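# Descriptive structure summary
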Amino acid sequence: MRRPRGVKSIETKHYEERDAFFRGLHNLDRRSFLKVSIAAAAAAAANGIVQNLHAFMPIDVANAQTNEGFRIAYISDAHLYERKVNERFVRSLLRAVDDVNKLDPQPDFVLFGGDLAQLGAPGELDLGAQILKNVKAPVRMMVGEHDWFLDMGDHWQQLFGQPNYSFDHKGVHFVVLNSIHEKDFWTERKLTPKERMHTVAGLDNAIQGRFMVGEEQRNWLQQDLAKQAPTTPLIVFSHSPLYKYYEPWNFWTDDADEVQAILKKMNHTTVIHGHTHQLLTNRIDNIDFHGMLSTAWPWPYAPQGLPPLTVQMNRPDPFDPNDGMGTGTVFVHPDGLVDKVYNLWNRDPVQVSSAYLSSNGTSSVPAKPNLTSY
Ligand SMILES: [Fe+2]
Ligand SMILES: [Fe+2]
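Residues numbered from 1 in each chain as written. Chains lettered and ligands numbered in written order. Predicted model: local features only at pLDDT ≥ 70, side-chain atom pairs only at ≥ 80, totals over all residues. Heavy atoms only, no water.

### Brief notes about the coordination of the iron ion (ligand 1)
Selection criterion: Only N, O and S atoms count as donors, using a 2.8 Å cut-off from the metal and 3.2 Å for Na, K and Ca, and because water is excluded some sites may appear unfinished. A site with four donors is called tetrahedral when every donor-metal-donor angle falls between 85 and 135 degrees; four donors are called square planar, and six octahedral, when opposite donors sit more than 155 degrees apart and all other angles fall between 65 and 115; any other arrangement is irregular. The way it works is that DSSP assigns letters per residue, a run of H or I at least four long becomes a helix, a run of E at least two long becomes a strand, and they are numbered from the N terminus.
At 2.0 to 2.3 Å from the iron ion (ligand 1) lie its protein donor atoms, namely Asp 77 (OD), His 79 (NE2), Asp 115 (OD) and His 277 (NE2). Bound by four donor atoms, the iron ion (ligand 1) shows angles of 85 to 172° at the metal and therefore irregular coordination geometry. Each donor residue of the iron ion (ligand 1) belongs to the same chain, with the gaps between them written as D-x1-H-x35-D-x161-H. Separating the iron ion (ligand 1) from the iron ion (ligand 2) is a gap of 3.4 Å, which Asp 115 spans by donating to each of them. Of this pair, Asp 77 sits in the loop between β1 (70–75) and α4 (88–101) while His 277 sits in the loop between β7 (269–273) and β8 (281–284); the two residues are 200 residues apart in sequence, bridging distant segments of the chain.

What follows is the structure, given as structure tokens:
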């Protein structure tokens, strides 16, 4: 049947909208950012993707806290492809930026948790940097393996500087680590940079080693903490979990035991990590661990089981491209203990409080996400 002239096909409309979207990403100043992010949200709503419009409900919970402290936010694991290859992950990152910009009051800073790029390409990292410039609060960057293994961190460092660093904020000492070093598996095999990157991105292949912080950085960490009194609250950001969770998928840091031994000299340490793309909570001795959500996709849970304190999210709906993803906030108490809020885009938010961790899971037990399993 002939289509009446002047009526565009769904494909044509889709590609026109897509081209307009990517055009809008050029010169992404604040005004055009609002335009594209509103369009992204409207497209999501039209597709029935947004069922829960209360993604930031728990902020009221956090605001109700009476003791002093401060809030930080995170965005993590955006996995951007080059411009025009994949628009879905770009829209997700825009949505995350928009979410964080709407926080009232604004967080003291926003931590980006690594894996800004999917295959470490300069175009992917540039696009991510351009989008993150629209975050209103100051942004602190952390590197992930997807940002690193094409050029061994050259472009990422040109954009964002040193991958490991420390700073102090309102009485809390913060350390950002590059935890995704790997032993050289590529030189002997004569792999090209692209082959090396693809191998690392594969996670569950048998060729690569496991992630590690490495001796040089462990020495740096030891020296950095030597200047701090053990009573100073410490928050460490790492991309991989700083414990041994599941080796076959590289949800793992090979020298985690050595790193934990350094951290244990502090009275209390909180580690906040990316990479695992899921609700994940653990406590080892005096160290609390919190995983961050991804804006790109949720990983399944490790088949051999979870750290006992983890509040498990039900399996995300495979027909909902935003389920199991989101951003989050971290309320930092004056003693450095944190209440972590997972702002899931399609479920009620989940708060994992310091009281829950300190009581070893016996009090302040978080409510589970509201949707049933699929
Ligand atoms: Fe990731
Ligand atoms: Fe990662």
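The discussion continues.
### Points about the coordination of the iron ion (ligand 2)
This is how the line gets drawn: Only protein chains enter the accessibility calculation, which uses a 1.4 Å probe; a residue whose area is less than 20% of its type maximum is buried, one above 50% is exposed, and one in between is partly exposed.
At the metal site, the iron ion (ligand 2) is ligated by Asp 115 (OD), Glu 145 (OE), Glu 145 (OE), His 239 (NE2) and His 275 (ND1), and these contacts range over 2.2 to 2.6 Å. Residue classification places His 239 among the buried positions, given a relative accessible area of 0%.

### As for the sheet that holds strand β10 (residues 326–332)
To be explicit about the condition: Whether two strands pair depends on DSSP finding at least two bridges between them. Inter-axis angles, ranging from 0 to 180 degrees, are taken between N-to-C directions of lines fitted to C-alpha atoms, where helices are fitted over the stretch in contact.
Judged by pairing direction, the sheet is mixed, and its six strands sit side by side in the order β3-β2-β1-β10-β11-β12 without closing on themselves. Edge positions in the open sheet fall to β3 (139–141) and β12 (350–352), since each of these has one partner strand only. On average, adjacent strands in this sheet sit at an angle of 20° to one another, irrespective of strand direction. Across three bridges, the pairing between strand β2 (residues 110–112) and β3 is parallel. Considered in β3, the bridge of Leu 111 is made with Arg 140.

### Some details on the pairing of strand β4 (residues 165–169)
Where β4 and strand β5 (residues 172–176) come together, five bridges link them in antiparallel fashion. Bridge pairing in β5 links Ser 166 to Val 175. Linking β4 to β5, which pair antiparallel, is a turn of two residues; within it Lys 170 sits at a positive phi near 50°.

### Brief notes about the packing of aromatic side chains
As a reminder, the rule being used: Within 6.5 Å between ring centres, the rings of Phe, Tyr and Trp (the latter by its six-membered ring) count as paired, and their orientation is classed by plane angle as stacked under 30 degrees, edge-to-face over 60, tilted in between.
In total, this model carries 17 aromatic pairs according to the counting rule given. Judged by centre distance (6.1 Å) and plane angle (75°), the rings of Phe 149 and Trp 186 are edge-to-face. Residue Phe 149 is found in the loop between α6 (145–148) and α7 (154–160), and its partner Trp 186 is found in the loop between β5 and α8 (193–201); the two are separated by 37 residues along the sequence. For Phe 149, a relative accessible area of 1% gives the class buried.

### Details of the environment of Leu 309
Worth spelling out the cut-off: Residues are treated as being in contact if the distance between any of their heavy atoms lies within 4.5 Å.
Its location among the elements puts Leu 309 in the loop between β9 (287–291) and β10. On the basis of relative accessible area, Leu 309 is assigned to the buried category, the value being 8%. Distance from Leu 309 to Gly 361, taken between C-alpha atoms, is 6.2 Å for residues 52 residues apart in sequence. Once residues within four sequence positions are removed from consideration, Leu 309 is found in contact with Thr 281, Arg 283, Tyr 356, Leu 357, Asn 360 and Gly 361.

### Regarding the packing of α4 against helix α5 (residues 122–132)
Heads up, the condition is: Angles below 35 degrees are treated as roughly parallel, those above 145 as roughly antiparallel, those between 65 and 115 as roughly perpendicular, and all remaining angles as oblique. Helix crossings fall into two classes, left-handed where the near helix is turned counterclockwise from the far one by less than a right angle and right-handed where it is turned clockwise. Any residue outside Ala, Val, Leu, Ile, Met, Phe, Trp, Tyr, Cys, Pro, Asp, Glu, Lys and Arg is labelled polar, Gly included; the first ten of those are nonpolar and the last four are charged.
Viewed as axis vectors pointing N to C, α4 and α5 meet at an angle of 25°, and their least axial separation amounts to 10 Å. Judged by the inter-axis angle, α4 sits roughly parallel to α5. For α4 against α5, the interelement crossing comes out right-handed. Within the contact between the two elements, α4 uses Val 90, Leu 93, Leu 94 and Val 97 and α5 uses Leu 127, Gly 128, Ile 131 and Leu 132. A breakdown of the residues in the contact of α4 with α5 according to their chemical character gives seven nonpolar, one polar and no charged.

### A closer look at the sheet that holds β8
Sheet architecture is open: six strands sit in the order β4-β5-β6-β7-β9-β8, paired in mixed fashion. One side of each edge strand has no neighbouring strand; the edge strands of this open sheet are β4 and β8. Taken over all neighbouring pairs, the strand axes of this sheet differ in orientation by 20° on average, direction set aside. As paired strands, β8 and β9 are joined by four bridges and run antiparallel to one another. When the sheet's bridge partners are listed, Thr 281 is paired in β9 with His 290. Helix α9 (residues 215–226) rests against β4, β5 and β6 (234–238) of the sheet, and its axis sits at about 170° to β5. Sitting on the sheet, helix α10 (residues 256–263) touches β6, β7, β8 and β9, and the angle it makes with β9 is about 125°.

### As for the pattern of salt bridges
The test is simple: Here a salt bridge means any side-chain nitrogen of Lys or Arg lying within 4 Å of a carboxyl oxygen belonging to Asp or Glu.
For the structure on display, the rule yields eight salt bridges. A salt bridge links Arg 91 to Glu 87, with the nearest nitrogen and oxygen atoms 2.7 Å apart. In this structure, Lys 170 engages Asp 108 in a salt bridge whose closest nitrogen and oxygen atoms are separated by 2.7 Å. Here Asp 108 lies in the loop between α4 and β2 and Lys 170 lies in the loop between β4 and β5, a separation of 62 residues in the sequence.

### What about α8?
Operational definition: In this description, one arc is meant: the one made by directions from the helix axis to the C-beta atoms.
Those residues of α8 that fall on the buried side of the exposure criterion are Arg 196, Met 197, Thr 199 and Val 200. Looking straight down α8, one finds its buried side chains confined to an arc of 160°; they lie on one side. For α8, the secondary structure elements touched by its buried residues are α6. Positioned one or two residues after α8, Leu 203 has a phi angle of 60°, which is positive.

### A look at the packing of α9 against α10
For the pair α9 and α10, interaxial distance at closest approach is 10 Å and the crossing angle is 10°. In terms of their interaxial angle, α9 and α10 are classed as roughly parallel. Residues Arg 218, Leu 221, Gln 222 and Leu 225 of α9 lie in contact with α10, whose contacting residues are Glu 258, Val 259, Ile 262 and Leu 263. Of the residues contributing to the contact of α9 with α10, the split by class is five nonpolar, one polar and two charged.

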